[in-house]
Amino acid sequence: MVYCTIVVIVRQAIMRTRRRFKKFRSVLAISSTFVGLAFALDMAVAGSVHHPLTYVYDIASRLLCENSHAQTCNKTESPVVSGKNGAVVTTQHNASEIGLEILKAGGNAVDAAVAVGYASAVADPCCGNIGGGGFMLIHLANGKDTFIDFREKAPLSATKNMYLDKQGNVMHGLSTDGYLAVGVPGTVMGLEQALSQYGTMTRSTLMAPAIKLAEFGFILRQGDIDILNAATQNFRKQPNVASIFLKDGKNPWKVGDRLVQKNLAQTLKLISTLGVDAFYKGAIAQEVVKASRENGGILTPEDFAKYTVSQTQPVRCNYRSYEVITAPPPGGGTTLCEMLNILEGYPLKQFGWHSKDSLHLMLSAMLYAYADRNNYLGDPDFVKNPVERLLSKGYAAKIRSQIPKERAIPPEPLYSGMTSHEGTHTTHYSIIDRYGNAVAVTYTINSYFGSGVMAGNTGFLLNNEMDDFAAKPGVPNNFGLVQGNLNAIEPGKRPLSSMTPTIVTKNGKVFIVTGSPGGSTITTTVLQVLTNVIDYDMDIAQAVNAPRIHYQGLPNVVRTEPLALKSNVVQQLFDMGYKVTPVPIWGAAESILVDPKTELRNGGHDSRKGAGSAEAY
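Note that the structure is predicted; figures quoted are calculated from it, not measured. (Residues numbered from 1 in each chain as written. Predicted model: local features only at pLDDT ≥ 70, side-chain atom pairs only at ≥ 80, totals over all residues. Heavy atoms only, no water.)

Averaged over the chain, the pLDDT score is 92; the fraction of residues at 70 or greater is 89%. Scored below 50 in pLDDT, residues 1–10 makes 0 contacts in the model with residues more than four places away or belonging to other chains. (pLDDT = per-residue confidence, 0-100. Contact = heavy atoms within 4.5 Å.)

With antiparallel pairing, the 7 strands of this open sheet are ordered in space as β7-β4-β3-β12-β11-β2-β21. Across the chains shown, the open sheet's two edge strands, defined by having one partner strand only, are β7 (310–312) and β21 (613–616). Neighbour-to-neighbour, the strand axes of the sheet open up by a mean angle of 10°, direction not taken into account. Direction of pairing for strand β11 (residues 426–432) relative to strand β12 (residues 438–444): antiparallel, over a ladder of 7 bridges. Its bridge partner being in β12, Ser430 is matched across the sheet by Ala440. Here helix α4 (residues 93–104) sits on the sheet and contacts β2 (87–90), β11 and β21; the angle it forms with β2, its principal contact strand, is near 160°. Contacts between helix α5 (residues 109–123) and the sheet are confined to β2, β3 (133–139), β11 and β12, with β12 contributing the most and set at about 25° to the helix. (Pairing = 2+ DSSP bridges. Helix = DSSP H or I, 4+ residues; strand = E, 2+ residues; numbered from the N terminus. Axes fitted to C-alpha atoms, helices over the stretch in contact; angles between N-to-C directions.)

Let's shift gears to the packing of aromatic side chains. Counted by the stated rule, this structure contains 13 aromatic pairs. When the ring of Tyr280 is compared with that of Phe304, the centres are 6.3 Å apart and the planes differ by 50°; the resulting orientation is tilted. One end of the pair, Tyr280, is in helix α12 (residues 276–280); the other, Phe304, is in helix α14 (residues 301–305), and 24 residues separate them in sequence. Taking relative accessible area as the criterion, Tyr280 reaches 3% and is therefore assigned buried. The exposure class assigned to Phe304 is buried, which follows from its relative accessible area of 1%. Seen from the ring of Tyr307, Lys153 lies directly overhead, with NZ or CZ sitting 5.7 Å from the centre. The ring centre of Phe216 lies 5.8 Å from the NZ or CZ of Lys262, which sits over that ring. (Phe/Tyr/Trp six-rings, centres within 6.5 Å; stacked < 30°, edge-to-face > 60°. Buried < 20%, exposed > 50% of the residue type's maximum accessible area, 1.4 Å probe, protein only. Lys NZ or Arg CZ within 6 Å of the ring centre and 35° of its normal.)

A separate point is the sheet that holds strand β1 (residues 80–83). Spatial ordering of the open sheet is given by β1-β20-β19-β15-β14-β9-β8, a layout of 7 strands whose pairing is antiparallel. The strands lining the two open edges of the sheet, one partner per strand, are β1 and β8 (315–319). In this sheet, neighbouring strand axes are inclined to one another by 25° on average, regardless of whether the strands run parallel or antiparallel. Strands β8, β9 (322–326) and β14 (502–506) of the sheet are contacted by helix α15 (residues 333–343), whose axis makes an angle of about 20° with β8. Along the sheet, helix α20 (residues 522–534) contacts β8, β9, β14, β15 (509–514) and β19 (591–594); its crossing angle with β15, the most-contacted strand, is approximately 135°.

Written out as structure tokens, the structure reads:
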């Protein structure tokens with residue numbers, strides 16, 4: 001009897017469900033019809049089949065805005081900070097303040113740059129470093145310009161296929177996590193060379209603020225917490241890392257807590273006392289090599305002892321009567337200048353900022369320059385870079401002749417099909433002193449907190465810069481950045497980089513000092529800072545905080561910051577054949593502009609990095 005009752009109840013439930021499902025299908029069909037008609041009407045009224053995509057762009061942008069510092073999202077203004085004598089702009093306020101104090105004490109811009117480099121290693125551990133490398137561009141008041149390349153090098157035991165399995169496939173994580181991902185660090189030697197040749201103060205004087213910051217700690221602000229919280233789970237994988245970057249080795253730090261780094265203080269004291277030998281031939285190198293050997297790495301004492309810094313002439317180009325001084329290969333300056341040369345032939349101001357016409361030309365310039373980066377550029381010690389040809393005005397004119405008026409260019413034919421990674425979590429700072437010396441520094445440990453490993457009690461994180469090499473043809477990186485065989489792994493080689501520290505002069509005097517983190521987006525970020533000022537008359541704070549776009553051809557997607565483009569422009573770009581999508585904000589173009597009339601040093605802090613600041617006096 002009970003069984004029969006259950007059967008009846010189940011049958012009745014099934015019948016009710018069927019009736020409801022039929023009703024639901026009817027409602028769904030009617031709704032789909034209405035939606036389809038609405039879209040058809042929308043497309044008819046707008047005159048474009050792509051107009052509905054503008055709603056998708058807007059909704060995605062607003063979702064991204066919920067946790068964004070972008071000015072397009074929160075409508076805040078980042079003020080210009082001005083001073084007659086000097087300015088320092090960095091992604092970490094403690095580092096900015098230390099740099100300014102060095103200038104006030106009579107140091108020059110190079111002195112301040114060295115102090116900021118070490119201070120950032122303490123206060124901005126995601127990106128500032130002594131376990132990585134980078135570029136320093138120096139303009140001296142006497143007119144001399146020089147470029148110091150202290151980029152990491154591949155270990156001497158590195159091989160082209162070291163990250164491939166027996167089937168020739170890339171083994172996930174080997175080039176990003178742990179000791180096999182580590183290149184030989186260059187920061188300490190790079191800062192030392194800059195100081196010994198162009199500074200005026202002693203190493204101990206310039207390192208003292210960083211040592212104090214590490215030994216006694218600093219109070220964490222929300223911007224600092226945002227950076228640390230992004231890597232909480234990774235910190236927990238390494239006990240010695242967790243003991244520093246997690247409170248009591250377990251929980252995330254909070255606003256108002258004091259972060260103390262005693263081990264890093266001891267490492268900095270060794271460098272301060274003994275110089276570069278402490279890092280490359282002494283106890284620090286020994287501890288890093290020991291940890292590498294014990295954990296599957298290939299670093300040796302010889303790698304450290306043979307590391308060298310390269311000092312060369314920067315790349316130069318002219319843009320609308322301004323001289324642009326920037327990073328030579330393996331840096332991104334050649335790509336920057338190629339884009340500027342192409343754009344110089346167009347009246348961007350007349351077309352209007354972020355109009356369809358100006359964007360089409362800028363996107364086309366980006367595509368050609370990034371394709372050439374892929375096909376021709378690499379470490380100059382290993383590759384003959386055709387910089388002169390790429391930067392000729394005639395070459396730019398030839399490219400302009402190939403840009404169709406209102407149609408996106410298919411990117412695939414321009415590329416050779418080799419891809420590699422490049423981390424976005426670099427840091428940049430800009431400095432100018434009272435004498436007219438200026439320094440732009442971009443340095444990195446590649447990914448957020450590098451390889452995630454710290455050798456013993458050294459107190460500093462190591463880079464994963466080996467991931468910047470091209471591991472295998474056709475395998476896209478974190479950003480889909482395509483590169484050629486010229487960036488393949490070789491012993492002692494430096495990987496290709498997008499880092500683009502840049503100084504712009506007018507009539508021999510400094511006008512702009514700029515640069516940015518952001519991996520493959522660095523060069524286009526710098527491009528937009530320059531055009532925002534020169535073509536669109538923005539002040540430096542507006543120029544660095546304006547919403548950005550990025551396009552490199554592969555992947556074939558135009559990336560924009562949230563709400564960077566108006567709906568009608570998004571539609572117009574889709575109509576031309578571009579694929580447009582909003583993504584989270586990127587970069588931190590900490591920059592300085594010197595007013596040609598008043599000579600005021602105007603610092604523009606990028607609000608995308610809440611921990612940073614512009615300081616001037």
